[in-house]
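Chain residues, written in single-letter form:
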Amino acid sequence: MNAIIDAIRERRAQKSFDASYVISDEELTSILETTRHAPTAFNLQNYRFLVVRDAEQRRKIKEVAWNQPQIEDCAALIILCADVQAWKKEPARYWKDTPEQVQNIYTGLIQQYYEGKPQVQRDEAFRSCGIAAYALMMAAAAHGLQTCPMDGFDFAKVAEIIRLPEDHELVMFVALGKGLEAPKGRGGFLPLNEIVLHDSF
């Protein structure tokens, strides 16, 4: 338990990566396999992880992301996307390991909850990606790697570069790899009693 707490407290955004470090397919798969255990509403698993390792693809993305060096220098650039229509894509498959009766119940609940509610569909998919992004960062930390969550880029241009499907939304990047330097000091925390409230505002 202390290792988990330490990882949460020590995690920082890494801006400088060792461009010579190559992550193995096995290690990256292990990180992503762990990440997929992040929770999603109705088990929709509506996060999508686009792994960008191709140098030319990264160069194009960097050009529309303020030329941030970590995009090219990290071992793997993970683009988190939300499948906002996952709720209606064979929903029984999300419960395939349960009895048919349970599958039928959840299929009905999923349709009832999401149909005709585009804002709910989008919000839930974004929440799933946010939770998954943090799980990804913690999984990378368990492998001794550093990460940088990112949203400093032109969303429309990146979507075009990666050929994002029309029923998906681009959420954020997570760059991961071997850090070159110790993270800078923290900016500072607000007092706990300013951010934690009880029962009502």
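Under an unreviewed UniProt entry, the chain has the name Nitroreductase family protein and belongs to Neokomagataea anthophila. The Sequence similarities (unreviewed entry) comment attached to the chain in UniProt states, word for word, "Belongs to the nitroreductase family."

What follows covers the sheet that holds strand β2 (residues 76-83). A sheet is described by the order of its strands in space; here four strands give the open sequence β1-β2-β4-β3, paired in antiparallel fashion. Each edge of the open sheet carries a strand with a single partner, namely β1 (47-52) and β3 (146-150). With strand direction ignored, the average angle separating the axes of adjacent strands in the sheet is 25°. Where β2 and strand β4 (residues 168-177) come together, eight bridges link them in antiparallel fashion. Of the residues in β4, the one forming a bridge with Leu 77 is Ala 175. Seen against the sheet, helix α2 (residues 25-35) touches β1, β2 and β4 and runs at an angle of roughly 165° to β1.

Within the UniProt annotation, "domain: Nitroreductase" (unreviewed entry) is assigned to residues 8-178. Helix makes up 43% of residues 8-178 and strand 17%. Its end C-alpha atoms lie 18 Å apart.

Turning to a nonpolar patch on the surface, a few remarks are in order. A cluster of nonpolar side chains, Leu 190, Leu 192, Ile 195 and Val 196, forms an exposed patch at the surface whose accessible area comes to about 390 Å². Here Ile 195 is to be found in helix α8 (residues 192-195).

Next up on the list: the pattern of salt bridges. The tally for this structure, following the rule as stated, stands at twelve salt bridges. Residue Asp 83 is joined to Arg 48 by a salt bridge in which the shortest nitrogen-to-oxygen separation is 3.3 Å. Linking Asp 83 in strand β2 with Arg 48 in strand β1, this pair joins segments that are 35 residues apart in sequence. A residue is classified by how much of its surface remains accessible, and Asp 83, at 3% relative accessible area, is buried. Judged by relative accessible area, which is 29%, Arg 48 ranks as partly exposed. Note that Lys 89 is salt-bridged to Asp 83, the shortest N-O span being 3.0 Å. For Lys 89, a relative accessible area of 26% corresponds to the partly exposed category. Each of Arg 48, Asp 83, Lys 89 and Asp 167 takes part in a single network of salt bridges with overlapping partners.

Over the atoms, a rolling probe the size of a water molecule traces out where space has been left empty. Taken as a whole, the largest pocket spans an internal volume of roughly 380 Å³. Residue contributions to the lining of the largest pocket peak at five residues, all from helix α1 (residues 2-10). Counted by class, the lining of the largest pocket contains eleven nonpolar, four polar and five charged residues. Computed from the structure, the second largest pocket encloses a volume of approximately 220 Å³. Looking at the second largest pocket, the residues that line it are Asn 43, Leu 44, Gln 45, Arg 48, Arg 93, Tyr 94, Trp 95, Lys 96, Asp 97 and Thr 98.

What counts as what
Residues numbered from 1 in each chain as written. Predicted model: local features only at pLDDT ≥ 70, side-chain atom pairs only at ≥ 80, totals over all residues. Heavy atoms only, no water. UniProt positions renumbered as here; feature names shortened; annotations may be inferred. Pairing = 2+ DSSP bridges. Helix = DSSP H or I, 4+ residues; strand = E, 2+ residues; numbered from the N terminus. Axes fitted to C-alpha atoms, helices over the stretch in contact; angles between N-to-C directions. Contact = heavy atoms within 4.5 Å. Patch = residues over 30% accessible without salt bridge, like charges linked within 9 Å, V, L, I, M, F, W, Y side chains within 5 Å. Areas by Shrake-Rupley, 256 points an atom, 1.4 Å probe, with all protein chains shown as cover. Salt bridge = Lys/Arg side-chain N within 4 Å of Asp/Glu carboxyl O. Buried < 20%, exposed > 50% of the residue type's maximum accessible area, 1.4 Å probe, protein only. 1 Å grid on protein atoms, 1.4 Å probe; cavity = no way out; pocket = protein on both sides within 12 Å on 5 of 7 lines; lining within 4 Å. Points joined across faces, edges and corners; volume = space filled by probe spheres on them. Nonpolar A, V, L, I, M, F, W, Y, C, P; charged D, E, K, R; others polar.

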